[in-house]
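Architecture and fold: a report
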Amino acid sequence: KRPSLFIFWIIALICIGPLFAFYANFPLAGRFALGTFERFLLPSYVLLAPLVGIGVVALAQTLAMSIRRALHGISVAGVSSLIFVIMLLYPLTVGSMNIWRFWGMRTDQTAEHLGMDILASAPEGAIVLLVHDTSLFVTQYLRYATRMRTDTTVVHVAKIAFPDYREVLAHMPGGPLVPKEEGSVAITEFIKANRMERPIVSNSTLPLDDGWAWIPHGMLYLLAETTQEDVSEMYVAANESLWQTLHDPYAGILSRYKHLMLSNVLDEYAQASINYGDALLRIGKQKDALSVYSRAVGYGSDGKNYTALMRLGVTQALVNDCSGALSSLDAASEQVNTDSSEVLLYRAAIYRDCVGDAARAQKLFEQYETVKKQSETPLERL
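Given the structure is predicted, the values throughout are model-derived calculations rather than measurements. (Residues numbered from 1 in each chain as written. Predicted model: local features only at pLDDT ≥ 70, side-chain atom pairs only at ≥ 80, totals over all residues. Heavy atoms only, no water.)

Concerning the pattern of salt bridges
- Within the structure shown, the criterion is met by 7 salt bridges.
- Close ionic contact of glutamate 189 with lysine 192 constitutes a salt bridge, the shortest N to O distance being 3.8 Å. Residue glutamate 189 and its partner lysine 192 are located together in helix α8 (residues 186-194), separated by 3 residues, close to a single helical turn.
- Relative accessible area serves as the criterion here: at 24%, glutamate 189 is assigned to the partly exposed category.
- Across the pair arginine 352 and aspartate 353 runs a salt bridge whose closest N-O atoms are separated by 2.9 Å. (Salt bridge = Lys/Arg side-chain N within 4 Å of Asp/Glu carboxyl O. Helix = DSSP H or I, 4+ residues; strand = E, 2+ residues; numbered from the N terminus. Buried < 20%, exposed > 50% of the residue type's maximum accessible area, 1.4 Å probe, protein only.)

As for the environment of alanine 325
- The topology assignment puts alanine 325 in helix α13 (residues 322-333).
- Overall, alanine 325 belongs to the buried group, its relative accessible area being 0%.
- Linking alanine 325 and glutamine 140, residues 185 residues apart in sequence, is a C-alpha distance of 40 Å.
- Apart from residues lying up to four places away in sequence, alanine 325 is in contact with Gly313, Gln316, Ala317 and Ile350. (Contact = heavy atoms within 4.5 Å.)

Section: the sheet that holds strand β1 (residues 127-130)
- Within the open sheet, the 5 strands sit side by side as β2-β1-β3-β5-β4. Their pairing is mixed. Unpaired on one side and paired on the other, β2 (153-156) and β4 (212-217) mark the two borders of the sheet. Strand-to-strand twist across the sheet, computed as the mean angle between neighbouring axes with direction ignored, equals 30 degrees.
- As paired strands, β1 and β2 are joined by 4 bridges and run parallel to one another. Each residue of the ladder has a partner; that of leucine 130, found in β2, is histidine 156. (Pairing = 2+ DSSP bridges. Axes fitted to C-alpha atoms, helices over the stretch in contact; angles between N-to-C directions.)

Structural notes on the nonpolar core
- Among the nonpolar cores identified, the biggest contains 35 residues, and Val128 and Met219 are the most heavily contacted of them.
- Within the residue set of this core, elements represented by two or more residues are α5 (110-120), β1, α6 (133-145), β5 (220-225), α9 (233-245), α10 (263-282) and α11 (286-298).
- In this structure, methionine 219 is in contact with Leu114, Asp117, Ile118, Ser121, Asn203, Trp243, Leu246, Glu268, Tyr269 and Ala272, ignoring residues within four places of it in sequence. (Core = buried A, V, L, I, M, F, W, Y, C linked by side-chain atoms within 4.5 Å.)

Structure representation (structure tokens):
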């Protein structure tokens, strides 16, 4: 009846429906990815609302006609009301569940606790180099909005290459030294300019020159001058002390419901545990690493649970817990978007070196070669 409005609605639905969804397309490998993708779907809900209204009216009319035909002498209004009440139970149930899940969201501090733990992992006067939006944004908020740990400087790593951000850093009271280099070398030069002046920590292993290494330090890495990528007893003691003071991410809403956006906090804690476990494994502290990897698995992270389970399995094999190692690999193989060839390779090595079943190991190695070959792209197709 109103062609111009109809055409506008169709064009809008296509543009912010399928086209917008394709624009935002990325693998939905976990809750955080799903929560991020969900934001791109919200505009289309508004446009689909008229269809819901049309459907409700059509359903009501169809039900009324069906009741009149099938139930002579019975009040159509009464039966329709009963059906309406029954159908209303579903949204009421969903709404009640959501109220329970999000109760206390206004005062929840799960994200703030992550930022507090990141700042607690930084030595006095440190430059804190951060990547990953969740860690970066909450830590910036605590440092610059609430004035927590004013002795530190929180730096957005991805922006160091931009002149306007370097100008901001240069004008910070007591800020870091800012070299003139731009582009991909900017972060390397930034670290070189400041590493002898102030402690530097990061939540990522950024590029370094020889003689320097990133050592796990609580939720972060600490830049250390060393010729070996190792963890001395001093660093082990510091880490153990730090981890005893860190917050439990399940103390808030995550204890009831893995909120799609807050679930990414679990990734940060799990990755920090994996980093520390890797360092312990390199210096031969296998039993200590086993405990740390178990903690990483316990976080139930969407993005890091596969890695944590694989590390746990390898470490269990090193301490001759062969059945536990195979169970961990089985659990890892059930994770979404995993590389099955890697699981086969590790399982074959465990059967060979831990279980001592050479025949079974050989079959698994052959399966690994087959799967690996199937996933490879022939050179002539490139």
